[in-house]
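Read off the chains here:
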Amino acid sequence: MSESTRSTVQPGAARHRVRWISGGLALVVLLVLLLLTGSSAATVLLTPTPTPDRACQAGDADFYNERGIAHLRYDRIVHAVADFTCAIGSSDNPASAYVNRAIANQELGDFVTALADCNRALELAAQMPQAFSARGNLYYRLGDFESALVDFEQALALDPDFVTVYYNRGNLYVETGEYELALVDYDRAIALDDTDPDLFNNRGDLYWRLGDPQAALADFERALALDPEHVPAAYGRGRAYEDLEDAAAAIASYQQVLEIDPTHVSAYRRLAIVYGRLGEYDQSIQYFTRALEFAPTRAEAYTDRGYAYLYAGEQSGDPSAYRRALADFRQYLALVGGEVDDQVVRLVGLLEDDFGALDCSAGDAPFYDNRGVSSANQGDYAAAVADFTCAITLDPDYAHNYLNRGLTQYEQGEYWWAIIDCGHALALDPGSVDGYICRGRARARLGGYWPAIGDYNRALALDPRSARAYRYRGLAYFSMEWYDTARYELNQAIIYDPAYVDAYIDRGTIYQVTGDYEASLADYAQAIALDPANALAHYNQGVTYWAMGDVEAAVASYDRAIAADPTYVLAYVNRGIGHGRLGDTEAAEVDLLTALELAPETALAFSGLGDLYYETKRYAEALDAYNRYVELAGEGALDYILARVAELEAAVGE
């Protein structure tokens, strides 16, 4: 198979592009292990290989192989699979066709058939570097990085100048946090082929992740010189310019993205945010509006623009800006359904009074700042935001006021506006470690782990002993499942603050996830020694005991978690499941029902009740509990519960 058979992802919004490699796998477990930042899971669907719709009589094996390659280039994947199948059937040596079909099936998500095709190719041609390369990519997608590296190394042993393998192995090293190795591979790939814009784009992305926006910028420029319409490079250049605090150049880069792809929502949002940081709220509103044109039913987008109108009103005193803010907040409430943002509800009430809403005549800026801190400490975040806004209105050049409002926005889950406010604070005080940590946390919450890491890098450049910066950088790596790197960061946090309870809890969680249960328990024990009433430490200790099979110890830990926090819903759920495992069905039912009294829509509590009732032959109650679980869990409902629902419904029908 020639190099021309490589499938290249078309330019899009993604910053980090790969060839044949994307996605990952995550396990879903019943018992929830809590980390302070949360987690997410992804599902890979397998698609059957399509059956050829013709008799394979249009040409010979070479004809079908070449036509299949052409189909791949133009993303006609189903047609490509059919042609490669014809090539396999009509060739005396179909190894290349098997590899090409493996690539096509991978694009369809049929990893099982793709892996079988790679193995068949290697049976026919044991020294075929392209087959090792393709199989390495499959192992990567399946999360088996060790096997992927073995195959990539075998491919390079057979063909030391195989550019695609250096490219993909570099991507893998980026995923595993081995940046120096990734840089070596990208450098080698570029030395072999300096005409590929994707290589410069990915190396630029790596430099950006490493916190070197200047080097990143140089590579994005090289990519764009090779392909002026390379959207990820243009977008990446904008992010690099943002980090270099060149707002005008960042704006120009995002505008270039939109010239190429006028539907690029992320570019509109970045433009809106940059203009918001500059205090040019009219422009910010314009770009938020453009983003809404392509996502008109996204409720949160209306809150984004509503806040922009609100800030515009504070800046200009124009009542019409407040009216527009009110209209956007009302639209949000109309679209969101279910649980709503309490702050928006409160702002709607304030704005409905007189469109001015914020009366800043009761005192000076320090008065409002102090009152805002008091309100935030009591959990009244809407009142705190209003007071910090008054403090900003009265003293717009004091970074501390923006930082406090940003931290409050973060606590409310308003992460975009936390980023904007913390950015304002940094513009006024570029030496603020807290400002970078604040913005990094908000970026991480939105899934922007690399920008968050960049902020933590800057915080550590200002204060190399900042335990908080190390800890949050570790949490960002944990969220990307780079556990070794995350553990190193938590180690550093503990070195610089040996009494940092949260760092011990987080490192204990990493040890638990990676199967080092004794180390996990040791960290939780240290956290508890430092803070005996820390409910999370006791809870996670219980999860580790459960993973070790020690149900009694797990239940005892959940007892202590509940003693520390009598409203700890998941502790009741897990203790109830534990009581059921130990045969105390009465205590199990009490705990699970208590969890539902505290949080009536806790899906895990209903699944636990369903299991309890099913095992004790209370089938009607089991069916009710399972049905409620399925309703709450939606597409994430566990297969065994769906099977039991079908079984119980059939029994009722009889």
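About the cut-offs
All residue numbers here refer to positions counted from 1 along the written sequence of the relevant chain. For a predicted model such as this one, the threshold for reporting local features is a pLDDT of at least 70, and the threshold for listing and counting side-chain atom pairs is 80 or more; totals across whole chains, interfaces and linings nevertheless cover every residue. No hydrogens and no water enter the side-chain calculation; it runs on all heavy atoms of the structure. Numbering of helices and strands runs from the N terminus, with a helix taken as a DSSP run of H or I at least four residues long and a strand as a DSSP run of E at least two residues long. Exposure categories follow from relative accessible area, calculated using a 1.4 Å probe and restricted to protein chains: below 20% of the type maximum is buried, above 50% is exposed, and the middle band is partly exposed. Here a residue-residue contact requires only that any non-hydrogen atoms of the pair lie within 4.5 Å. Stacked, tilted and edge-to-face are the three classes assigned to paired rings of Phe, Tyr and Trp, where Trp is represented by its six-membered ring and a pair needs centres within 6.5 Å; plane angles under 30 degrees give stacked, over 60 edge-to-face, the rest tilted. Counted as over-ring charges are cases with an Arg CZ or a Lys NZ within 6 Å of the ring centre that also lie within 35 degrees of the ring normal. In what follows, a disulfide is any cysteine sulfur pair within 2.5 Å. The definition of a nonpolar core used throughout is a set of buried Ala, Val, Leu, Ile, Met, Phe, Trp, Tyr and Cys residues joined through side-chain atoms within 4.5 Å. The rule is simple: put a 1 Å grid over the protein atoms alone, call a set of points where a 1.4 Å probe fits but cannot get out a cavity, call an open set with protein on both sides within 12 Å along at least five of seven lines a pocket, and count a residue as lining if it has an atom within 4 Å of a point. Grid points are joined across faces, edges and corners, and a volume is the space filled by probe spheres set on the points. For this classification, Asp, Glu, Lys and Arg are treated as charged, while Ala, Val, Leu, Ile, Met, Phe, Trp, Tyr, Cys and Pro are nonpolar and the rest, including Gly, are polar. The salt bridge definition used is simple: a Lys or Arg side-chain nitrogen within 4 Å of an Asp or Glu carboxyl oxygen. The span expected for a helix works out to 1.5 Å for each residue beyond the first. Simply put, an axis is a line fit to the C-alpha atoms, just over the touching stretch for a helix, and the angle between two N-to-C directions goes from 0 to 180 degrees. For any helix crossing, the convention is left-handed if the near helix is rotated counterclockwise from the far helix by under a right angle, and right-handed if that rotation is clockwise.

Undergrad: Outline the overall build of the protein chain, supporting the account with residue identities and numerical values.
TA: Within the protein chain, the regular secondary structure consists of 34 helices and 0 strands. Buried residues in the protein chain amount to 53% of all 654 residues. Sequence separation of 24 or more characterises 53% of the internal contacts of the protein chain that already satisfy a separation of 6 or more.

Undergrad: An account of the packing of aromatic side chains is requested, with residue identities and associated values reported.
TA: Under the criterion given, the structure shown has 21 aromatic pairs. Ring plane angle 20 degrees and centroid distance 5.8 Å describe the contact between Tyr477 and Trp482, whose orientation is recorded as stacked. The rings of Tyr179, Trp450, Tyr477 and Trp482 are connected pair by pair, giving a single aromatic cluster. Above the plane of the ring of Tyr472 lies Arg471, whose end atom (NZ or CZ) is 4.8 Å from the centre. Over the face of the ring belonging to Tyr614 we find Arg644, whose NZ or CZ atom lies 4.0 Å from the ring centre.

Undergrad: Go over the state of the cysteines, please, and point to the residues and values.
TA: Applying the stated criterion across every chain, the model contains 2 disulfides. Through a disulfide, Cys56 is tied to Cys86; the S-S separation comes to 2.0 Å. Between Cys56 and Cys86, the S-S torsion sits near -70 degrees, and that sign places the bridge as left-handed. Here Cys86 lies in helix α2 (residues 77-89) and Cys56 lies in the segment before α1 (61-73), a separation of 30 residues in the sequence. The disulfide partner of Cys422 is Cys438, and the gap between their sulfur atoms is 1.9 Å. Of this pair, Cys422 sits in helix α21 (residues 415-428) while Cys438 sits in helix α22 (residues 433-445), and the two are 16 residues apart along the sequence. Accessibility classification places Cys422 together with Cys438 in one group, the buried group.

Undergrad: Describe the environment of Leu292, listing the residues and the values that go with them.
TA: Take Leu292: it is sitting in helix α14 (residues 281-294). Taking relative accessible area as the criterion, Leu292 reaches 5% and is therefore assigned buried. Spatially, the C-alpha atoms of Leu292 and Arg269 are 9.5 Å apart, while their sequence positions differ by 23 residues.

Undergrad: Give me the lowdown on the nonpolar core, citing residues and values where you can.
TA: Across soluble globular proteins, nonpolar side chains have a tendency to be buried as a group. The biggest cluster of nonpolar side chains holds 183 residues, and the ones touching the most others in it are Tyr307, Phe329, Trp450, Tyr477, Tyr539, Tyr568 and Val573. The element contributing the most residues to this core is helix α15 (residues 299-316), with 9 residues. One finds Ala399, Leu403, Cys422 and Cys438 within the second-largest nonpolar core, a separate group that totals 7 residues.

Undergrad: Now, about empty space enclosed by the protein: what can you tell me, with residues and values included?
TA: Overall, the coordinates contain 3 cavities of 30 Å³ or more when judged by the stated rule. Surrounding the largest cavity, 11 residues form its lining, Leu310, Leu347, Val385, Ala386 and Thr389 being those nearest its centre. Here the lining of the largest cavity is composed, by residue class, of 8 nonpolar, 2 polar and 1 charged.

Undergrad: Lay out the pattern of salt bridges with the relevant residues and their values.
TA: Two side chains with opposite charge may pair up if their charged atoms get near one another. The tally for this structure, following the rule as stated, stands at 35 salt bridges. Between Glu242 and Arg239 there is a salt bridge, and its shortest N-O distance comes to 3.6 Å. Pair noted here: Glu242 and Arg239 are both in helix α11 (residues 231-243), with a separation of 3 residues, about one helical turn. Here Arg439 makes a salt bridge to Asp455, at a shortest N to O gap of 2.8 Å.

Undergrad: Any details on α2? Residues and values, ideally.
TA: For the α-helix, the turn length of 3.6 residues means that residues three or four positions removed from each other point alike. In this model, α2 (13 residues) spans 19 Å end to end at C-alpha, consistent with the 18 Å of a helix rising 1.5 Å per residue. Looking at the packing, one finds that the buried side of α2 touches α1 and α3 (95-108).

Undergrad: Provide a residue-level description of helix α5 (residues 129-141), including the pertinent values.
TA: Relative to the 18 Å expected for 13 residues at 1.5 Å per residue, α5 spans 19 Å between its end C-alpha atoms, a close match to the ideal helical length. Among the 13 residues in α5, 13 count as buried, and that is most of the element. Among the residues trailing α5, Gly143 stands out with phi positive, at a value near 85 degrees.

Undergrad: Before we move on, can you summarise unusual backbone geometry with the specific residues and values?
TA: Here the phi dihedral of Glu245 falls at roughly 60 degrees; this positive angle occurs in a residue that is not glycine. Tracing the backbone through its elements, the reader meets Glu245 in the loop between α11 and α12 (247-260). Residue class for Glu245 comes out exposed when judged on its relative accessible area of 60%.

Undergrad: Go over the packing of helix α13 (residues 265-277) against α21 with me, naming the residues and quoting the values.
TA: Direction vectors running N to C along α13 and α21 enclose 35 degrees, while the axes themselves pass 9 Å from each other. Between α13 and α21 the crossing geometry is right-handed. Contacts between α13 and α21 involve Arg269, Arg270, Ile273, Gly276 and Arg277 on the former and, on the latter, Trp416, Ile419, Ile420 and His424. The class makeup of the residues in the contact of α13 with α21 is 4 nonpolar, 2 polar and 3 charged.

Undergrad: Give me the lowdown on the environment of Glu649, citing residues and values where you can.
TA: Within the element layout of this structure, Glu649 appears in helix α34 (residues 639-653). Overall, Glu649 belongs to the partly exposed group, its relative accessible area being 43%. Along the sequence, Glu649 and Tyr619 sit 30 residues apart, while their C-alpha atoms lie 9.8 Å from each other. Sequence-distant contacts of Glu649, defined by excluding residues within four places in its chain, comprise Leu623 and Asn627.

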